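Fold and geometry: a report
Single-letter residue listing:
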Amino acid sequence: MPIFENGSARIHYEEAGSGIPLLVIPGGGLNATIAGLATHAFNPLKEFSDTYRVIALDLRNANTGQSRGPLEIERPWDGFADDQLGLMDHLGIDRFMVMGFCIGGPMTWNMLKRAGDRVVSAVLVHPSGYSSAEPDIFYRNNINGWAPWKSLSTETGKVARREDADDLFCGLGETAK
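Described below are features of the structure shown in this document. In this text the structure is predicted, and so the values were computed from the model without any measurement.

Quick look at the sheet that holds strand β5 (residues 96-101)
- Taken in spatial order, the 6 strands of this open sheet run β1-β2-β4-β3-β5-β6, and their pairing is mixed. Strand pairing shows two members of the sheet lacking a second neighbour, β1 (3-6) and β6 (119-125), which therefore form its edges. Ignoring strand direction, the axes of neighbouring strands in this sheet form an average angle of 25°.
- Against the sheet, helix α2 (residues 76-90) contacts β1, β2 (9-16), β3 (20-25), β4 (52-57) and β5, and its axis sits at roughly 115° relative to β1.

Printed below as a string of structure tokens:
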């Protein structure tokens, strides 16, 4: 099980194949994991590894994932981008393609904003987003099923509270608009 350490975060990732690097951000809301790719419409680790160097990672603090790290309440999208871009740096990859499922869609957009010169191409698969008709849908769909509060820590090392998760989700929802 390869682990990349990004500051105080420990990020689990897997690779398959060789060729042009393809970073895959799994879907599943904040519970997005490599294992979850098996339940997607297709699994890029299997489907594309004969042509590309496919790299996938668990989001930090996904319930069934193996990545852990502090909550980035003040900069939620950038915290995840730090993990993704840091992993590519760790692997010595400068330019790469990105495929984002579900929550990986907005994460891909943020990566394009942060490091567009590094992203050769990007594909959004079933992306999640914002709807003015249901402005709190992301929150409602994620708050109850996401990581247990007792196992999380904030940037300061304190145990996270439900309010910390509320703040994180609100930050994700506001920046997704």
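Some points on the pairing of β6
- Relative to β6, β5 is paired through 6 bridges, and the arrangement is parallel. Its bridge partner being in β6, F101 is matched across the sheet by V125.
- For the crossover that starts at β5, traverses helix α3 (residues 104-115) and ends in the parallel β6, the hand is right-handed.

Definitions and cut-offs
Residues numbered from 1 in each chain as written. Predicted model: local features only at pLDDT ≥ 70, side-chain atom pairs only at ≥ 80, totals over all residues. Heavy atoms only, no water. Pairing = 2+ DSSP bridges. Helix = DSSP H or I, 4+ residues; strand = E, 2+ residues; numbered from the N terminus. Axes fitted to C-alpha atoms, helices over the stretch in contact; angles between N-to-C directions. Contact = heavy atoms within 4.5 Å. Right-handed = clockwise from strand over helix to strand, strands pointing away.

Limitation: the analysis is restricted to geometry and does not speak to function.
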